[in-house]
Amino acid sequence: FSTAMTACERGSEWPRALSILSVLRNMGQRPTQISLAVAVAACSQGSQWRSALDLHQEAIALYGMPTEAGFSSAVEATANAEQWAAALALHSEMRAHNLNS
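Nothing here was measured: the structure is a model prediction, and the numbers come from that model.

Each value, and the rule that gives it
Residues numbered from 1 in each chain as written. Predicted model: local features only at pLDDT ≥ 70, side-chain atom pairs only at ≥ 80, totals over all residues. Heavy atoms only, no water. Helix = DSSP H or I, 4+ residues; strand = E, 2+ residues; numbered from the N terminus. 1 Å grid on protein atoms, 1.4 Å probe; cavity = no way out; pocket = protein on both sides within 12 Å on 5 of 7 lines; lining within 4 Å. Points joined across faces, edges and corners; volume = space filled by probe spheres on them. Core = buried A, V, L, I, M, F, W, Y, C linked by side-chain atoms within 4.5 Å. Buried < 20%, exposed > 50% of the residue type's maximum accessible area, 1.4 Å probe, protein only. Contact = heavy atoms within 4.5 Å. Expected span 1.5 Å × (residues − 1). Salt bridge = Lys/Arg side-chain N within 4 Å of Asp/Glu carboxyl O.

As for unusual backbone geometry
Glycine aside, the phi torsion of most residues is negative, and most peptide linkages are trans.
Inference 1: At Ser47, a residue that is not glycine, the phi angle is positive and equals roughly 60°.
Inference 2: Its location among the elements puts Ser47 in the loop between α3 (33-45) and α4 (49-63).
Inference 3: Even without glycine at this site, Glu82 takes up a positive phi of about 60°.
Inference 4: Tracing the backbone shows Glu82 in the loop between α5 (68-80) and α6 (84-96).

Topic: empty space enclosed by the protein
Inference 1: Inspection of the entire model under this criterion finds one cavity of 30 Å³ or more.
Inference 2: One number sums up the size of the largest cavity: a volume of about 30 Å³.
Inference 3: Among the secondary structure elements, those contributing two or more residues to the lining of the largest cavity are α3 and α4.
Inference 4: No other element matches α3, which puts four residues into the lining of the largest cavity.

Considerations on the nonpolar core
Inference 1: Residues Met5, Leu21, Leu55 and Leu90 are the most contacted members of the largest nonpolar core, which totals 24 residues.
Inference 2: In terms of residues, this core owes the most to one element, α3, which gives six residues.
Inference 3: In this view, Met5 contacts Ala17, Ile20, Leu21, Ser35, Val38 and Ala39; residues no more than four positions away in its chain are not counted.

Considerations on α5
Inference 1: Along its 13 residues, α5 runs 18 Å from first to last C-alpha, staying within 8% of the 18 Å computed at 1.5 Å per residue.
Inference 2: Of all the positions in α5, only Gly70, Phe71, Ser73, Ala74, Val75, Ala77 and Thr78 are classed as buried.
Inference 3: Elements in contact with the buried residues of α5: α3, α4 and α6.
Inference 4: Looking one or two residues beyond α5, the residue adopting positive phi is Glu82, at roughly 60°.

Regarding the pattern of salt bridges
Inference 1: Counted according to the given criterion, the structure contains two salt bridges.
Inference 2: Here Glu13 and Arg16 are joined by a salt bridge, their closest N and O atoms 3.7 Å apart.
Inference 3: For Arg16, a relative accessible area of 54% gives the class exposed.

Shown next, in the form of structure tokens:
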């Protein structure tokens, strides 16, 4: 699933990436950290900052901390949407976890 989602992200097809994630959930499977990070990146590419932030929060709820790539994509999505408070909060959270930005 992550490979198909990555193809969607690279092709700027964020709705399809989210659709694949939905199929995964409907099959009763828990999304992996990687699949969530790819979904965050796809939403970031598609200027869907709220969805990116929701998926980032889901990764935290499921795994305690999202991947560095997921963090970076969430920061990018919020910054590109000029959601400065959210972008700065995410950046601070990354630094608190000793992740590069």
